[in-house]
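What the coordinates show
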Amino acid sequence: MPKAKQHLTVDGRNVPVSNPDKILFPDGHVTKAQVIQYYLRVSEYLLPHLSNRPVTLKRYPNGALGAFFYEKDAPRFTPEWVRTFPVPRRESGGTIRYILINDRPTLAWVANLASLEIHPFLHRVPGIDKPTTIVFDLDPGEGADVLTCGRVAFLVRALLEQFGLKCFAKVSGSKGLQIYIPLNTDVHYALTQPFAKAVAELLAEQHPKLIVAEMKQSLRKKKVFIDWSQNSDFKTTVGVYSLRAKTAKPLVSVPIGWDELETAIQKKNAAALFFDIDAALSRIDEAGDLFKPVLTLKQRLPASVLKHFGVKTQQLRRSS
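Just so it is clear, the model here is predicted, and its values are computed rather than measured.

Within the protein, the regular secondary structure consists of 9 helices and 17 strands. For the protein, the C-alpha radius of gyration of 20 Å lies close to 20 Å, the compact-globule estimate for 320 residues. In terms of overall dimensions, the protein has C-alpha extents of about 60 × 50 × 35 Å along its principal axes. Split into buried and exposed, the 320 residues of the protein put 52% on the buried side. Here the contacts in the protein between residues at least 6 apart in sequence split such that 70% fall between residues at least 24 apart. Side chains of the protein carry 44 positive and 30 negative charges; the gap between the two charge centres is 4 Å.

Attention shifts here to the pattern of salt bridges. Within this structure, the stated rule accounts for 14 salt bridges. Residue Arg41 pairs with Asp285 through a salt bridge whose shortest N-O separation is 2.6 Å. Highlighted residues: Arg41 in helix 1 (residues 32-41) and Asp285 in helix 7 (residues 277-287), separated in sequence by 244 residues. By relative accessible area, which is 39% here, Arg41 ends up partly exposed. Taking the shortest distance from any N to any O, the salt bridge between Lys175 and Asp139 comes out at 3.8 Å. Of this pair, Lys175 sits in the loop between strand 11 (168-171) and strand 12 (177-182) while Asp139 sits in strand 10 (residues 133-140), placing them 36 residues apart in sequence.

This brings us to the sheet that holds strand 11. Spatial ordering of the open sheet is given by 13-14-10-12-11-17, a layout of 6 strands whose pairing is mixed. Two strands in the sheet have a free side with no partner beyond their single neighbour: strand 13 (211-212) and strand 17 (255-256). The pairing of strand 10 with strand 12 spans 6 bridges and is classified as antiparallel. In the sheet register, Ile134 faces strand 12, and the bridge partner there is Ile181.

Rules used in this analysis
Residues numbered from 1 in each chain as written. Predicted model: local features only at pLDDT ≥ 70, side-chain atom pairs only at ≥ 80, totals over all residues. Heavy atoms only, no water. Helix = DSSP H or I, 4+ residues; strand = E, 2+ residues; numbered from the N terminus. Rg over C-alpha atoms; globule rule 2.2 N^0.38 Å. Buried < 20%, exposed > 50% of the residue type's maximum accessible area, 1.4 Å probe, protein only. Contact = heavy atoms within 4.5 Å. Lys, Arg positive; Asp, Glu negative; His and termini not counted. Charge placed at Lys NZ, Arg CZ, Asp CG, Glu CD. Salt bridge = Lys/Arg side-chain N within 4 Å of Asp/Glu carboxyl O. Pairing = 2+ DSSP bridges.

What follows is the structure, given as structure tokens:
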């Protein structure tokens, strides 16, 4: 991208670009232009996962490791061609106009805002109470690491297999892992969140020296917190193929095969579970989108689960 150029033509749209040479990641002097180029390069695989999902932008105006802020409401200068969707505010009234990253120009525009990380919801509009997936965010406490999370991931998978559910893993691009259960069927957060909580609590009960299902930081030492609370209509999880801005070097949240994860654990090779931009793009070029089944695989929670939590949900609704 030429230094003097202040716009970028993407699929026929003129996308404004400010300070393209600004360093956003100090390690490697990765510029804003390179961040935009990364997102455009990966757009073929990223956009299907973002389609019609409201997103929360995590903006780093001074680059990674600097101050950041979350932006839910589309800013006033949002171009008219950027699609948005109004969602009622939970408490104060009015609506939040969430951005939908449904095309490459919007993706480039968001990247230009130094929204280094993209955090989508688990639902697609207009069904804002209907998640397409269940997610478990595995967060290691002090004395644990991504390999510890890997061990927990296999325990999660084994338990889900007992329910006849397939799941897929991705590295967070930070210190943990996330496990996704594709659903793509008619289900509500009122069922998926209590199911996720029950899974986390059962595993914590079965493996008390390894797993915790409570949020208190003091309980996490040398353990992995299974964060089930992400299964909510007002919470987001970092998206697949999103950059992360927690380190001086840009890392990427990418899908990981179960065989790869097992090998890394056996070899005690935590480094094998961290991918910079070049490594992420290389594996996508070679293997395609390992998370593609998450988009289409249709699964239902077992009848016993629906019956148990369905009754509880109905009782809760009647009493509220």
